[in-house]
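Analysis of the macromolecular model
One-letter residues, chain by chain:
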Protein chains: 2
Amino acid sequence: MGRLTVIGFGPGGYEDMTNRAVRAIEEAEIIVGYTTYVELLKKMFPDKEYLATPMMQEIKRCRMAVELAQQYDRTAVISSGDSGIYGMAGIVMEVAQQMQADIEIKVVPGITAASAAAAILGAPLMHDFSVISLSDLMTPLDLIMKRIDCAGISDMIVCLYNPKSRKRTAYVEQAADILMKYRSPDTPVGVVRHAGREEESSFLTTLGRIKEAPLDMFCVVLIGNSATYVMNGKMITPRGYEKKYE
Amino acid sequence: MGRLTVIGFGPGGYEDMTNRAVRAIEEAEIIVGYTTYVELLKKMFPDKEYLATPMMQEIKRCRMAVELAQQYDRTAVISSGDSGIYGMAGIVMEVAQQMQADIEIKVVPGITAASAAAAILGAPLMHDFSVISLSDLMTPLDLIMKRIDCAGISDMIVCLYNPKSRKRTAYVEQAADILMKYRSPDTPVGVVRHAGREEESSFLTTLGRIKEAPLDMFCVVLIGNSATYVMNGKMITPRGYEKKYE
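Residues numbered from 1 in each chain as written. Chains lettered and ligands numbered in written order. Predicted model: local features only at pLDDT ≥ 70, side-chain atom pairs only at ≥ 80, totals over all residues. Heavy atoms only, no water.

**A closer look at the environment of Q57 of chain A**
Residues and elements named next belong to chain A. Short version of the rule: Put simply, DSSP marks the helices as runs of H or I at least four residues long and the strands as runs of E at least two long, and each gets a number from the N terminus on. Each residue's exposure class comes from its accessible area (1.4 Å probe, protein chains only) as a fraction of the maximum for that residue type: buried when under 20%, exposed when over 50%, partly exposed otherwise.
Along the chain, Q57 turns up in the loop between β3 (50-53) and α3 (58-69). Classification of Q57 by relative accessible area gives partly exposed; the value is 28%. Placed 39 residues apart in sequence, Q57 and A96 show a C-alpha to C-alpha distance of 16 Å.

**A look at the state of the cysteines**
Our working definition: Here, the term disulfide refers to a pair of cysteine sulfur atoms separated by no more than 2.5 Å.
A full pass over the atoms with the stated rule returns zero disulfides over all chains. The thiol of C159 of chain A is unpaired, and the distance to the nearest cysteine sulfur, on C159 of chain B, comes to 12 Å. The thiol sulfur of C219 of chain B is not disulfide-bonded, and the nearest other cysteine sulfur, from C159 of chain B, lies at 14 Å. Judged by its relative accessible area of 3%, C219 of chain B falls in the buried class.

**Section: unusual backbone geometry**
You will see that Y86 of chain A, though not glycine, has its phi angle at about 50°, which is positive. Structurally, the position occupied by Y86 of chain A is in the loop between β4 (74-79) and α4 (89-98). Positive phi, close to 55°, is recorded for D155 of chain B, a residue that is not glycine. Secondary-structure assignment places D155 of chain B in the loop between α6 (141-153) and β8 (157-161).

**A look at the sheet that holds strand β9 (residues 188-193) of chain B**
What counts here: A pair of strands is considered paired only if DSSP assigns at least 2 bridges between the two. Here an angle of 0 to 180 degrees is reported between the N-to-C directions of two axes, which are lines fitted to C-alpha atoms, with helices fitted over the stretch in contact. Throughout, a residue-residue contact means that at least one pair of heavy atoms, one from each residue, lies within 4.5 Å.
Across the sheet, 10 strands lie side by side as β10(A)-β9(A)-β11(A)-β8(A)-β7(A)-β7(B)-β8(B)-β11(B)-β9(B)-β10(B); this open sheet has mixed pairing. Single-partner strands in this sheet number two, and they are β10 (201-206) of chain A together with β10 (201-206) of chain B. Mean inter-strand twist for the sheet, computed between neighbouring axes without regard to direction, equals 15°. As judged from the six bridges shared by β9 of chain B and β10 of chain B, these two strands associate in the antiparallel manner. From the neighbouring strand, V192 of chain B faces β10 of chain B, where its bridge partner is S202 of chain B. Contacts between α6 of chain B and the sheet are confined to β7 (129-133) and β8 of chain B, with β7 of chain B contributing the most and set at about 165° to the helix.

The following block contains the structure:
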């Protein structure tokens, strides 16, 4: 029975890959992935066999991977970040089931963008948080904004994935307006673009100034809770509301 | 100027450590951590110098680490999971500031328990989720339960950290009761104990049966959203609510 491993390779560089992910890539006979990710991996593992598919063809990519897993002993599907967080793990399982494929599926977790971004910004995720994607491709916009509102009401830190694309430019501003019903416009906001890659950049801003921030689909946006502050250029959320530890 | 690196070494095994974490440990002249974590690392890196401190002495541990970082070139503080998610990164920065220490602080992210648990359970984190700790040591219980309620209202997947301890036995049941105002008692729930370690175990249950589940402080509890289902023993949350991709 072939094994299909869905590998999260983290932000993009070799440094942030886990040992398990490296081993799974080395053991794979063929590696299937979105073209950009295949190009990234080729630099690190040049001698492997790859099959690249364009973006937005996830289902086709999964079907190809499942078919390969029925022929090979070791097939890998790659995701950036964590394959289990908005990644390929779920679709691969759904597609394999639809195809009634007799294969074993394993998920190898990776460093998700929220973790990578937090480490770059300081320590913003020291307390409860919500991870919310602003892509409304498969989720009603009303529900997304309701989630933002709920995170606001209950003072959770907010990690926005897919904050902005060419088509969706106003959602992040709408989200900021909702959060400002509950939090100060001075609430610290950290943005990391291409976390962990050569092109990595980051900056701090505030909830009130998010509209002026240069954002795109390669950014992750971390919005502090009511206790988050900036110290020496680092964004820090205290561990609690009562400073019992002092 | 000494460098203090706050390292998240992931769930516990060498396999789930990142290359960056391994290198940071190898480069450290001295490694400071909670006794249990030091014992874990000693098995993997037996030749390093360690300084172990008991649990609940986080501030003391941070002060020691900051003092060492003023003497050594490379000092490391270790956390399991991600040092940036309920980890040591924030306290280290706060303590270093209080001590006005002239040191450089770096955070090395790791695989957090939510990611590790999700990979073991299947693909439960394919959609928006909230990470909430049920420890009320430094957060008012009312606020914790408000966050659970908000996650319920907005149909977010919920990851519970620190679900139960000897003193806190009823909080997870209270959380389940709140979520059942919005979600079916049949909602899938996945529990992973000691994710990624030798003693790893996991099981699936439902929101309605969570009261009967054997839980403790070593468990992470993942509660599905209204679309989460179980297939062939795997817990899967679809990527969206509209199946546009079919």
